[in-house]
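Descriptive structure summary
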Amino acid sequence: MCGRFSIIVEEEILKKRFGVIIPEQETLFPRFNAAPTQNLPVITNLNPSEIHLFRWGLIPFWAKDIKIGNKLINARGETLTEKPSFKNAYTNRRCLVLADGFYEWKRVGKNKIPMRITLKNEEPFAIAGLWENWKSPSGEFIKSFTVITTEPNELMSGIHNRMPVILPREIEKDWLDNSLTTNELNGFLQPFQSEKMKAFQVSSSINSPANDNPSVIFPIQNELKL
DNA sequence: CCAGACGTTGTT
DNA sequence: GTCTGG
DNA sequence: CCAGACGTTGTT
DNA sequence: GTCTGG
């Protein structure tokens, strides 16, 4: 699963890397510990040349309560076309979730060891996502997104049984291409190359979303205390 | 037909 | 145990 | 994902 | 809105 990630790199690097602009009304700042319900940077098929901040946790358009989004922070790639909450978004509203690392908790007996996973070159990458525009009962529109998951690759299988779908750079544009069918898109929902990724233990200060600071990204040497 | 769910993960 | 909030 | 609350009434 | 269960 993927319930926490980071997007720390400077705006200038992000703009160059994804070939986008950042509209004036969107204020980005480094996120070491991005968590559900927060507004986080995505690139959508609606505006593929702009970064916007959407709320993490997809709120289906029929929802009566914003809290429904709390449960929809991930979507299984294998069943997107079947699920009422996702199928329409899969066809029409896809997005790139911008990240430069993500976190998984490795279960060791009763303990949970937080691990940070990045690319070996530590560059930013795009996670496949879906988005929605929800009208709240008070008439306010809220744009939200979910992160698509898949089976773990070799590296991740030692940590967890799911991982986010990281899109290879060459198909990032295709993911936002409105002319592709779900059949073609299904082929993109694969585990990323293990050889290009690395994982290491980090401080359990990552556990609290309130700790959105550099302490949560540093590797920890000593293994499995307590 | 209407009512009620609509999701994932991990654990039991 | 389960839900909410971040 | 994890942390932290989980309740009501009335009053400040 | 759309699907599932009764």
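Residues numbered from 1 in each chain as written. Chains lettered and ligands numbered in written order. Predicted model: local features only at pLDDT ≥ 70, side-chain atom pairs only at ≥ 80, totals over all residues. Heavy atoms only, no water.

What to know about the protein's contact with DNA strand C
The full set of residues close to DNA strand C is R4, A35, P36, T37, Q38, K67, N70 and P209. Within the backbone of P36, an N or O atom sits 3.2 Å from a base nitrogen of DNA strand C. One nitrogen or oxygen atom from the side chain of T37 is found 3.0 Å from a base nitrogen belonging to DNA strand C. Looking at the surface near DNA strand C residue by residue, the classes come out as three nonpolar, three polar and two charged. (Near = heavy atom within 4 Å. Polar contact = N/O pair within 3.5 Å; in protein donor to acceptor, adjacent residues only side chain to side chain. Nonpolar A, V, L, I, M, F, W, Y, C, P; charged D, E, K, R; others polar.)

Quick look at the state of the cysteines
Taken as a whole and assessed by the stated rule, the structure comprises zero disulfides. The thiol of C2 is unpaired, and the distance to the nearest cysteine sulfur, on C95, comes to 13 Å. On the basis of relative accessibility, which here comes to 0%, the residue C2 falls in the buried class. (Disulfide = S-S within 2.5 Å. Buried < 20%, exposed > 50% of the residue type's maximum accessible area, 1.4 Å probe, protein only.)

Side note on the sheet that holds strand β13 (residues 197-201)
The five strands are arranged β2-β1-β7-β8-β13 in an open sheet whose pairing can be described as antiparallel. On the outer flanks of this sheet lie β2 (31-34) and β13, each paired with one strand and no other. If you compare each strand with its neighbour and ignore which way they point, the axes differ by 30° on average. With two bridges connecting them, strand β1 (residues 5-7) and strand β7 (residues 101-108) associate as antiparallel partners. Looking across to β7, one finds that S6 is bridged to G101. (Pairing = 2+ DSSP bridges. Helix = DSSP H or I, 4+ residues; strand = E, 2+ residues; numbered from the N terminus. Axes fitted to C-alpha atoms, helices over the stretch in contact; angles between N-to-C directions.)

Let's talk about the nonpolar core
Counting residues in each nonpolar core, the largest one holds 57 residues, and the members touching the most others are F5, F102, L130, F145, W175 and M197. Ranked by residues supplied to this core, first place goes to strand β9 (residues 125-135) with six residues. If we skip the residues at most four places from it in the chain, F102 touches C2, R4, F5, M115, R116, I117, F125, M156, P164, I166 and M197. (Core = buried A, V, L, I, M, F, W, Y, C linked by side-chain atoms within 4.5 Å. Contact = heavy atoms within 4.5 Å.)

Quick word on the protein's contact with DNA strand E
In the region of DNA strand E, the neighbouring residues are F61, W62, P84 and K87. The protein-proximal atoms of DNA strand E, defined as those within 4 Å of the protein, are 33% sugar or phosphate. Its residues placed into classes, the surface near DNA strand E shows three nonpolar, no polar and one charged.

Digging into the environment of S144
Turning to its location among the elements, S144 is positioned in strand β10 (residues 141-150). Look at S144 and you get buried, because its relative accessible area is 0%. Through-space distance from the C-alpha of S144 to that of E132 is 5.4 Å; in sequence the pair is 12 residues apart. Excluding residues that lie within four positions of it along the chain, S144 makes contacts with F54, R55, G57, L58, I59, L130, W131 and E132. For S144, the side chain forms a polar contact with the main-chain nitrogen of I59, separated by 2.9 Å.

Some thoughts on the side chain of N45
Looking at where N45 falls in the secondary structure, it is placed in the loop between β3 (39-44) and β4 (52-56). What makes N45 buried here is its relative accessible area of 9%. Only 2.9 Å separates the side chain of N45 from the side chain of W131, close enough to count as a polar contact. At a separation of 2.8 Å, a polar atom in the side chain of N45 contacts the side chain of N178.

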